[in-house]
2 protein chains.
Amino acid sequence: MSQATMTGVINGVDVDRMGTTIQAVQQNTSLATFKFRAKNRWIGGGHNRSTIHSFYGAGQEYTTRKKPFVLDSDEPPVLLGTDQGPNPYECVLHALAAGLTTSLVYYAAARGIHLESVESTLEGDLDVQGFLGLSDKVRRGYKEIRVHFAIKSNAPAEELSELIRFSPVLDIVSNPVPVSIQIDKL
Amino acid sequence: MSQATMTGVINGVDVDRMGTTIQAVQQNTSLATFKFRAKNRWIGGGHNRSTIHSFYGAGQEYTTRKKPFVLDSDEPPVLLGTDQGPNPYECVLHALAAGLTTSLVYYAAARGIHLESVESTLEGDLDVQGFLGLSDKVRRGYKEIRVHFAIKSNAPAEELSELIRFSPVLDIVSNPVPVSIQIDKL
């Protein structure tokens, strides 16, 4: 993306502003540091709710969103929930789909590639023996995730595939991320 | 969870049904196979939308949800979007929060541990030099995620911490998941 030489708005992305952003980060790499956040509250059973509001980035706190985004999660009845929202594994697929699509769209804009439409379907294999603690040989998380994109664009599929793979969420899912968990009793 | 000997409803989870489910899976492990799905459509710029509806599990297709769950994602203006939804990295945090909370609640129910309240705050460090392709040394995804739980319960923090760590989403984020990506040009 660092070679962005296009101008104007491509794929709905302001490529001029993208160029300015890249230059600013190159001159001061501390501007590249972002801290994203979520708060979650258990409601009952499998039902819980996240609120997403502020974040830190480009050297400052952003509290400019007028109200927080609110996302519910729950399990379906077959997994003892009440279906008040997609379950946590489905939310992972949403995050991955959104991340892959955004990478494609932004990198395509930087290269001057116009996209007409982008759709994706994702499927992940989960063996609940892992979660239920019934087998040490079965992993708890997804064994595999398959993503299928259908894209309308003049660019060759090989180049589109390359752009999709720049996604930070693909990195998060494909590679280990250190997670520290602290618990305070109230 | 396989040692669940409680009965009734604990933490909003039907522990009798949980026991029946575990027995059924032990007798026929193919019932443990689940396939979760998401469809995503690009709307413009950083804005895209997932719909989550059917899934496969416990030996059958589930199309019983009356309507799909709809989740938007977008980037904030500082990342060249229009803030129509949480961004993909914030969606990862929601999935992780929901997954950790559900594991805690279900495992606690199986052990007869009553929870009064569960809240969590999550923060992840992302250096956008990785995504922008400005440095090969900076990873694209989260460098680290910190989770802080505040829990009201009689159980010791050590035991609650153990239950949280059974989460399949924690496994997905902490360990590599194979992701295959196929692209069809329309």
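Structure shown above.
None of these values were measured; they are calculated from a predicted model. Along each chain, residue indices are assigned from 1 in the same order as the chain's sequence is written. Written order determines the labels here, with chains lettered from A and ligands numbered from 1. A pLDDT threshold of at least 70 governs which residues receive local features in this predicted model, and a stricter bar of 80 or more applies before side-chain atom pairs are shown or counted, although totals over entire chains, interfaces and linings include all residues. Hydrogens are left out, water is left out, and the side-chain values use all remaining heavy atoms of the structure.

(A) Structural view of the relation of the copies chain B and chain A. When the copies are overlaid, the least-squares fit takes in C-alpha atoms only where the residue has pLDDT of at least 70 in both copies. Under the fitted operation, chain B is carried onto chain A by 0.0 Å of movement along the axis and a turn of 180 degrees, and the coordinates agree to an RMSD of 0.0 Å. Read as a symmetry element, the transformation amounts to a two-fold axis.

(B) Highlighting helix 1 (residues 15-27) of chain A. Counting from the N terminus, the helices are the DSSP runs of H or I reaching at least four residues and the strands are the DSSP runs of E reaching at least two. A helix is expected to reach a length of 1.5 Å times the quantity of its residues less one. A rise of 1.5 Å per residue sets the reference length of helix 1 of chain A, with its 13 residues, at 18 Å; its end C-alpha atoms lie 18 Å apart and thus fit the reference within 8%. Every buried residue of helix 1 of chain A is accounted for by Val15, Met18, Ile22 and Val25 of chain A. For helix 1 of chain A, the buried positions fall inside an angular range of 80 degrees around the axis, keeping them on one side. Exposed residues on helix 1 of chain A whose side chains face more than 90 degrees from its buried face are Thr20, Gln23 and Gln27 of chain A. Whether two residues are in contact is decided by their heavy atoms, any of which lying within 4.5 Å being enough. Packed against the buried residues of helix 1 of chain A are strand 1 (9-10), strand 2 (13-14) and helix 2 (88-111) of chain A together with helix 3 (128-132) of chain B. Throughout this description, a polar contact denotes any pair of N or O atoms lying within 3.5 Å of each other; where both atoms belong to protein, one of them has to be capable of donating a hydrogen while the other can accept it, and for residues adjacent in sequence the pair is counted only when both atoms sit in side chains. Its side-chain oxygen 3.1 Å from the backbone nitrogen of Asp16 of chain A, Asp14 of chain A forms the N-cap of helix 1 of chain A. Only protein chains enter the calculation, and the probe is 1.4 Å; a residue is then buried if its accessible area is under 20% of its type maximum, exposed if over 50%, and partly exposed in between. Directions pointing from the helix axis toward each C-beta atom define the arc.

(C) Structural view of the interface of chain B and chain A. The partner chain A presents 131 residues to the 131 residues of chain B that form the contact. Defined here as a combined quantity, buried area equals the accessible surface (1.4 Å probe) lost by two parts on assembly, summed across both. When chain B packs against chain A, close to 11,800 Å² is buried across both sides, 63% of that on carbon and sulfur atoms. Considering only the side of chain B, the residues that lose the most area to chain A are Phe36, Trp42 and Leu80 of chain B, jointly responsible for 7% of the buried surface there. Salt-bridge detection follows one rule: a side-chain nitrogen of Lys or Arg within 4 Å of a carboxyl oxygen of Asp or Glu. The tally of links from chain B across to chain A stands at 10 salt bridges. In this structure, the salt-bridge partner of Asp171 of chain B is Arg139 of chain A, at a minimum N-O distance of 2.9 Å. At the boundary of chain B with chain A, the tally comes to 64 residue pairs in polar contact (both at pLDDT 80 or more). The greatest single-element share of the side of chain B that touches chain A, amounting to 19 residues, is contributed by helix 2 (residues 88-110) of chain B. Charged residues are taken to be Asp, Glu, Lys and Arg, nonpolar residues to be Ala, Val, Leu, Ile, Met, Phe, Trp, Tyr, Cys and Pro, and polar residues to be all remaining types, Gly included. Of the residues in the side of chain B that touches chain A, the class split is 67 nonpolar, 38 polar and 26 charged. Here 9 bridges tie strand 3 (residues 33-44) of chain A to strand 8 (residues 115-127) of chain B, and the two strands are oriented antiparallel to one another. Counted as the bridge partner of Arg37 of chain A is Glu123 of chain B from strand 8 of chain B. At least two DSSP bridges between two strands are needed for those strands to be called paired.

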